[in-house]
Structure formats: C-alpha cells, structure tokens
Amino acid sequence: LRSAAIVERLAWVISLLGLAMSVFAVVQRLQWNGSIYGFLPVADDASPFGPFLNHNHFAAWMEMAAPLALGLFLSRLIRLGGGSQEGAPGGATGLIAILKAALKRGPDPLARLGMSAFAGVVMLAALLMSGSRGGILSLAAAMTIYGCVLAVRGRASGIEWAVGIFALVAALIFATWAGADQIQETVRRLTMVTSLESEPSLAARLVGWRYTLRIVADYPLVGSGLG
C-alpha cells in the first residue's frame, strides 16, 4: 500500500466483493432451501447467511466493509467539491450541490459515486437482514466513536452527517422491502439483548470476559505465552 491509488483500488475490490456477497446473501435468504449456494447442506442447528455458516460471521465481515464503501463515497464527494468542504454549504444542500457538479463532469465520476453509495447501502441492508445483534451494535458503536472523533477535531461537516443519515435510511428501506419479516425479527431480538434469562449466549460471554480480565491482570505485559 505504497500510494493512495493502490489504497483506493483495494477499497474498491473490498467494496465490490461486499456488494456481490450481500446481493447473494439476500437472494439466498429469500429463496432458502436448506443449503448454501443451493447445494451445500447445513446442519439444523446452524445459522447460515450468505456464504457463511454463522450469520454473525457474515455481519462481522460487513460491518468492516460497509464503512469502507461509504468512505469511498465521501472521498469522491470531497474531490467533486474541489478537495475541501470549507466554505461550502453543508447538510443536504451541500450534498445536492456536489451531485449537480458531478452531473456536469460526465458519466464516469457520477458512476463511481453512485456505485460506492449503492455498495455501502446494500451492505448495510444485508447486515440488518442477517439478524446479528452483535454486528449491528458493533457498527453503531464504531460509527458513534468515529463521529465523536470528527466532532472533537472540528471535521464533522453537515455533508458527512447527511450522507450517514441517507445511508441508514436507504438501508432500512431496502432491507424492509427485501425482507420485512427478517427486520421485524431483528428488532424483536435487539430489544431482548440485555435479558440474561432469555439470552444464554450473553451470560456465557459475561463469564468469559470476567475471567479474561483476570488473566490480563495476572499477565499484563507479555501475556501467558504462545497459545
């Protein structure tokens, strides 16, 4: 990763791979026949989504890839806006102004802008449809921290907030249209995430975290050895 061009190329590869994986996952969920790819059967106690045997693993992949696609979209917006947002109108007004500027520069800049936005929105929608509460909460926490860092540095412009809100609303609309039942089930499970009585996985994690902290206290510098 020796240049910005190589970094951007890698971001595009990950974003397009995530888009393809998300479309496949949504289609497979809507036409589920008990097998991944339509011919690889899974156990009855598995929770597959997309090419993963565990829906949480799919969500973990998407929660890292979706922000990358949205980052591509924001970087394209900044370039089309002249490389800086200082003095430019903020919020939805600034976003519309930059999109109008993109229309005047021909199809290529607009196509790249649209593809990065589309990839990010579809990945967010697939993440919501996966039903992984950990993935959803982790992404929300990461975006909250990211927003706080930008605010502290004085770099949180209205355009970035407008893009974030647009991406979330569009992802919710797409996910609800593609699978309203899955979204309703995800919302129901999110409301029960702190219930230790009905969530044995959370209780088990709390035990694991408690003992992990004890190990860290015993071996704070170099750990307890390989393995």
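Residues numbered from 1 in each chain as written. Predicted model: local features only at pLDDT ≥ 70, side-chain atom pairs only at ≥ 80, totals over all residues. Heavy atoms only, no water.

**Topic: the overall build of the protein chain**
Reasoning step 1: If you tally the helices and strands in the protein chain, you get seven helices and two strands.
Reasoning step 2: Each helix (α) and strand (β) of the protein chain, taken in turn from the N terminus, gives the series α-β-β-α-α-α-α-α-α.
Reasoning step 3: Across the 227 residues of the protein chain, 33% fall into the buried class.
Reasoning step 4: In the protein chain, the share of contacts with a sequence separation of at least 24, taken over all contacts with a separation of at least 6, comes to 69%. (Helix = DSSP H or I, 4+ residues; strand = E, 2+ residues; numbered from the N terminus. Buried < 20%, exposed > 50% of the residue type's maximum accessible area, 1.4 Å probe, protein only. Contact = heavy atoms within 4.5 Å.)

**What about helix α2 (residues 55-80)?**
Reasoning step 1: Look at α2: 37 Å from first C-alpha to last across 26 residues, which is about the 38 Å you get at 1.5 Å a residue.
Reasoning step 2: The residue sitting at the N-terminus of α2 and contributing the capping side-chain oxygen is Asn 54; that oxygen lies 2.8 Å from the backbone nitrogen of Asn 56. (Expected span 1.5 Å × (residues − 1). Polar contact = N/O pair within 3.5 Å; in protein donor to acceptor, adjacent residues only side chain to side chain.)

**Re the side chain of Ser 130**
Reasoning step 1: Looking at the element boundaries, Ser 130 is found in helix α4 (residues 107-130).
Reasoning step 2: Taking relative accessible area as the criterion, Ser 130 reaches 5% and is therefore assigned buried.

**Quick word on the nonpolar core**
Reasoning step 1: Ranked by internal contacts, the top residues of the largest apolar core, which has 29 residues, are Phe 58, Met 123 and Leu 124.
Reasoning step 2: For this core, the element with the most residues is α4, which contributes ten residues.
Reasoning step 3: The contact partners of Met 123, leaving out residues within four places of it in the chain, are Ser 15, Gly 18, Leu 19, Ser 22, Met 62, Ala 65, Ala 66 and Ala 69.
Reasoning step 4: Phe 73, Leu 77, Ala 117 and Val 163 belong to the second-largest nonpolar core, a separate cluster that totals seven residues. (Core = buried A, V, L, I, M, F, W, Y, C linked by side-chain atoms within 4.5 Å.)

**With respect to the packing of aromatic side chains**
Reasoning step 1: Counted under the stated rule, the structure contains four aromatic pairs.
Reasoning step 2: An aromatic cluster of at least three residues, connected via ring pairs, comprises Phe 24, Tyr 37 and Phe 39.
Reasoning step 3: Over the face of the ring belonging to Tyr 211 we find Arg 214, whose NZ or CZ atom lies 4.5 Å from the ring centre. (Phe/Tyr/Trp six-rings, centres within 6.5 Å; stacked < 30°, edge-to-face > 60°. Lys NZ or Arg CZ within 6 Å of the ring centre and 35° of its normal.)

**A closer look at helix α1 (residues 4-30)**
Reasoning step 1: Over its 27 residues, α1 extends 39 Å from the first C-alpha to the last, a length consistent with the 39 Å expected when each residue adds 1.5 Å.
Reasoning step 2: What α1 keeps buried is the set Glu 8, Ala 11, Trp 12, Ser 15, Gly 18, Leu 19, Met 21, Ser 22, Ala 25, Val 26 and Gln 28.

**Some remarks on the environment of Ala 142**
Reasoning step 1: Looking at where Ala 142 falls in the secondary structure, it is placed in helix α5 (residues 133-152).
Reasoning step 2: In this structure the C-alpha to C-alpha distance between Ala 142 and Pro 67, which are 75 residues apart in sequence, comes to 9.7 Å.

**Some words on the side chain of Ser 116**
Reasoning step 1: Examined against the element boundaries, Ser 116 turns out to sit in helix α4.
Reasoning step 2: Assessed through its relative accessible area of 0%, Ser 116 is described here as buried.
Reasoning step 3: Other than its neighbours up to four places away in sequence, Ser 116 contacts Trp 12, Ala 69, Leu 72 and Phe 73.

**Some details on unusual backbone geometry**
Reasoning step 1: The residue Tyr 37 is not glycine, and still its phi comes out positive at about 60°.
Reasoning step 2: For Tyr 37, the location among the structural elements is in the loop between β1 (35-36) and β2 (40-41).

**Quick word on the confidence of the model for the protein chain**
Reasoning step 1: Confidence along the protein chain averages 81 in pLDDT terms, with 83% of residues attaining 70 or more.
Reasoning step 2: Element-level mean pLDDT values for the protein chain span from 67 in helix α3 (residues 91-104) up to 92 in α1.
Reasoning step 3: Across residues 84-89, where pLDDT falls below 50, the model places six contacts with residues more than four positions away in sequence or in other chains. (pLDDT = per-residue confidence, 0-100.)

**Focus on the packing of α2 against α4**
Reasoning step 1: At a minimum axis distance of 8 Å, the contact between α2 and α4 shows a crossing angle of 155°. Regarding the angle of α2 to α4, the classification is roughly antiparallel. Relative to α4, the crossing made by α2 is left-handed.
Reasoning step 2: The class makeup of the residues in the contact of α2 with α4 is 19 nonpolar, four polar and three charged. (Axes fitted to C-alpha atoms, helices over the stretch in contact; angles between N-to-C directions. Parallel < 35°, antiparallel > 145°, perpendicular 65-115°, else oblique. Left-handed = near helix turned anticlockwise from the far one by under 90°. Nonpolar A, V, L, I, M, F, W, Y, C, P; charged D, E, K, R; others polar.)

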